[in-house]
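Tertiary structure, described
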Amino acid sequence: MAFFRSHILVSVDPECIKRGALDVIDALQNELVEQGLIDEVQVLETSRIGDPNLWGPDMMVYPEGVHYSCLTVDDVPFLVEEHFLKGRVVEKFRAVEKAIIDEELSAPKGKEVRVVLRNCGKIDPTNIEDYIAEDGYLALAKALNEMTPEDVIKTVKASGLRGRGGAGFLVGQKWELARMNAGDVKFAICNADEGDPGAFMNRRVLESDPHSVIEGMIIAAYAIGSTQGYIYCRAEYPLAVKALNIGIQQARDLGLLGKNIMGTDFSFDLEVRMGAGAFVCGEETALMSSIEGRRGEPRPRPPFPAQKGLFGKPSNINNVESYANVPQIIIKGPEWYSSMGTENSKGTKTFALAGDLNHTGLIEVPFGITLREIIYDVGGGIKGGKGFKAIQTGGPMGGCIPAEYLDLPIDYKTLASVGSIMGSGGMIVMDEDTCMVDIARFFMDFIQDESCGKCVPCRVGTRRMLEILTRICEGKGQPDDIPTLELLCKEIMADSLCGLGQGAPNPVITALKYFRSEFEAHIFEKRCPAKVCKALITYEIQEGPCTGCTVCSRNCPVSAITGERRQTHHIDPDTCIRCGICMQVCNFNAIEIH
Amino acid sequence: MTFNAENSQAVLNAVQGAVNRHGATREELIPILNDINREIGYLPKEALSQVSKLLQVPQSQLFSVATFYHMLNTKPRGKNVIQFCESAPCHVVGGREVWNRLQEELNLSDGETTPDGMWSLVTVSCLGLCGVGPVIMVNDDIYGNVTPQQVSEILNRYKEVG
């Protein structure tokens, strides 16, 4: 067989042929003969390379992997001389690939370490072979062939991996409990009901790398002795459900799911279950009720799922991210994993950055990184160069952390020490224009809405808290509102049935602790320091900058603005509904909030 | 929507189709209701009573499940359903202004449907698109980085021509 040092693959899809691909091939052959290179460089035809409607004719040159496009016959002599004789890439012919901007997941920043997100955006999630090429299912093969279930549990325990769903229970220990509880049937469940506002790490992993979760679940099933698994995914994530279903089918086709996996005695199959829009279903006992076809209401623990879970059988339930870590731990060993992170929180954690940041999106960092590093180094700082006010971690049951703790190295323990939680990993950054009373009210509104209503402290207590917070925002706060709120917080935390109620007061507790003066300003001075609460602010037009252009008065939905053309306008505070439209439309920044 | 022989047949067909797809067991209840809801737009009484017969589950329990989940509706919804993400990340980046504009534009409050049955306006919990907030969803189309100024232009795309 002839050996060529270089290959030129020319796309001959219909569009490229229309644009002269065949003539270019002829010209290439002729020129290679001319230059005496025909025995060194081979010209081949291939199918579509780029987008033929944009480029064409297209060609790829290997081994360099250079993509040339928009070539004509006249360009060929120069190209052959430069590239194939002199060995220089001809930049001007190179295809200018439209940069694919991934707003959600950009290239890793300096302080990131990607374990769970390693394949996201890199592999085709609908093709199992892409995953296998990245060492996919290697961990499963190792576990099934070289390790006993006990070995697997020991390894996961030694890695120090803690449940990424929020509570941070040791994954290996959970598996051990599920293994120890005897049962004819056991279930492995994946909690993909990522409902925390501001959290979308799990969605991205499921959409971009579903097999990492599927493989992690098969390994878990092997460890605990389960034959059937469920992935409970929220219905708001249709793409994730689709990617999972494709992934499961492909794994079945290759014998990685189903009977006698990889030719061993071990059998396991998986099914995707969709939620129907209920936040509380992210709570493990509520989730299991929902899979059983009931209202997603939590039930008291014990018995824990490991004892009596789905359909009354011993069950192991972990979060998407927990499972996605497992294959890597099996391949690279527990020491590798536990070398990252802090004393009590090992490994890496994905976070979803949202709010007033320059770079919002997904990140993955080792535990022990500080909030400052996350916000300013990874997140690019606060939008518009404004000041930082607070960061809310852990979703609606987390707390708001003020600037004084920016240098806190974060892990499960330190976040708890400042009154917040790790939660699933949402981080909402708030700038100096945020009113913390409004934010506290907002989170309580959410909790109140999502409370399932089963237990009184959560159902009634959060309602009362919301009423008080709303009243404060409306300027009708009463002197004893703060002590009443604190009392309610204490009671709801102590007496609620599940994590939702127990965590519900956190945003209010931390806001009261770190931003108490704002509450006091609202209640006693009837003033909103951040100028957010509508009842406590007035819009005023400044005489100097106002040109009397009438834009504001024409846009005011309630005709509260009066004034002659070219004269300073005036807003009637009694008619004004504080919608802020005048401020948005004013071209001269003449409107101020007081 | 008023019921006549024709569309109550459509409801029965939707129920039968969903039950055939998933199997007539209690644990398939939510997938079944989801399918019917998607096909009819909501869960009419007739549908629930038919599901109750096929699954041998009391209607009271069905109603309890149907009213528990946000995505299952027991009342008819408009032709175009606008879902506004009311979560904190969208809130802090200007979601409130978008929400106000939506309400003004359609003259609807949360959960309401226009008298002509064209529009329903609802809030939805986090859609997980927090990187591009504020986010609204019209039917199956998602819009990110929405400003109040864009609202009427987005709605216009769904208004029927002529």
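Residues numbered from 1 in each chain as written. Chains lettered and ligands numbered in written order. Predicted model: local features only at pLDDT ≥ 70, side-chain atom pairs only at ≥ 80, totals over all residues. Heavy atoms only, no water.

1. A few points about the domain arrangement of chain B
Assigned domains of chain B: these are domain 1 (5-68) and domain 2 (80-161). Placing the centre of domain 1 of chain B and that of domain 2 of chain B at their C-alpha centroids yields a distance of 29 Å. (Domains from an automatic or database assignment.)

2. Remarks on the sheet that holds strand β1 (residues 6-11) of chain A
Residue and element names in this part refer to chain A. With respect to topology, four strands assemble into an open sheet ordered β2-β1-β3-β4, the strand pairing being mixed. Both edges of this open sheet fall to β2 (41-46) and β4 (66-68), since each of them pairs with a single strand only. The sheet shows a mean angle of 20 degrees between the axes of neighbouring strands, direction not considered. Alignment of β1 against β2, held across six bridges, turns out to be parallel. By the bridge assignment, Val 10 is partnered in β2 with Glu 45. (Pairing = 2+ DSSP bridges. Helix = DSSP H or I, 4+ residues; strand = E, 2+ residues; numbered from the N terminus. Axes fitted to C-alpha atoms, helices over the stretch in contact; angles between N-to-C directions.)

3. Side note on the side chain of Asp 209 of chain A
By the element assignment, Asp 209 of chain A lies in the loop between α8 (201-208) and α9 (210-224). When near neighbours in sequence (up to four residues on either side) are disregarded, Asp 209 of chain A contacts Val 116, Asn 119, Cys 120, Ile 123, Pro 125, Tyr 131 and Arg 204 of chain A. (Contact = heavy atoms within 4.5 Å.)

4. Details of the pairing of strand β5 (residues 187-192) of chain A
Residues and elements named next belong to chain A. Counting buried residues along β5, six of its six residues qualify, which places the element largely inside the surrounding structure. Relative to strand β6 (residues 228-233), β5 runs parallel, the two being bridged by six bridges. Directly across from Ile 189, in β6, lies its bridge partner Tyr 230. Taken together, the five bridges between β5 and strand β8 (residues 315-319) define a ladder with parallel strand orientation. Opposite Phe 187, over in β8, you have Ser 315 as the bridge partner. (Buried < 20%, exposed > 50% of the residue type's maximum accessible area, 1.4 Å probe, protein only.)

5. Some thoughts on the packing of aromatic side chains
The way to describe two aromatic rings as a pair is by their centre distance and the angle between their planes. All names here are of chain A. Throughout the structure, instances matching the rule amount to 13 aromatic pairs over all chains. Aromatic side chains Phe 187 and Tyr 230 sit 5.8 Å apart centroid to centroid with 45 degrees between the ring planes, which places their arrangement in the tilted category. Here Phe 187, found in strand β5, pairs with Tyr 230, found in strand β6; they are 43 residues apart in sequence, far enough to count as distant. By the burial criterion, Phe 187 is buried, and Tyr 230 matches it. Taking the centre distance of 6.3 Å and the plane angle of 85 degrees together, the rings of Phe 442 and Phe 443 count as edge-to-face. The same class applies to Phe 442 and to Phe 443, which are both buried. Here a set of aromatic residues connected by ring pairs shows up, and it is made of Phe 187, Tyr 230 and Phe 311. Its guanidinium or amino end placed over the ring of Phe 351, Lys 349 lies 5.6 Å from that ring's centre, counting from NZ or CZ. (Phe/Tyr/Trp six-rings, centres within 6.5 Å; stacked < 30°, edge-to-face > 60°. Lys NZ or Arg CZ within 6 Å of the ring centre and 35° of its normal.)

6. Concerning the interface of chain B and chain A
Between chain B and chain A, the contact holds 39 residues from the first and 51 residues from the second. When the area that chain B buries against chain A is broken down by residue, the three leading residues are Phe 68, Tyr 69 and Val 92 of chain B, summing to 17%. Where chain B packs against chain A, one counts two salt bridges. Here Glu 28 of chain B and Arg 273 of chain A are joined by a salt bridge, their closest N and O atoms 2.7 Å apart. Where chain B touches chain A, the interface holds 17 residue pairs in polar contact (both at pLDDT 80 or more). Of all the elements, helix α5 (residues 88-106) of chain B adds the most residues to the side of chain B that touches chain A, at 10 residues. Of the residues assigned to the side of chain B that touches chain A, the class counts are 18 nonpolar, 12 polar and nine charged. (Buried area = accessible area lost by both parts, 1.4 Å probe. Salt bridge = Lys/Arg side-chain N within 4 Å of Asp/Glu carboxyl O. Polar contact = N/O pair within 3.5 Å; in protein donor to acceptor, adjacent residues only side chain to side chain. Nonpolar A, V, L, I, M, F, W, Y, C, P; charged D, E, K, R; others polar.)

7. A few points about the environment of Ser 420 of chain A
All names here are of chain A. Structurally, the position occupied by Ser 420 is in the loop between α15 (412-417) and β13 (426-431). The buried category is assigned to Ser 420, whose relative accessible area is 2%. Residues Ser 420 and Ile 509, spaced 89 residues apart in sequence, show a C-alpha to C-alpha distance of 9.6 Å. Residues contacting Ser 420, with those up to four places away along its chain left out, are Thr 393, Gly 398, Gly 399, Ile 401 and Leu 415. Here Gly 399 takes part through its backbone nitrogen, which lies 2.8 Å from a polar atom of the side chain of Ser 420.

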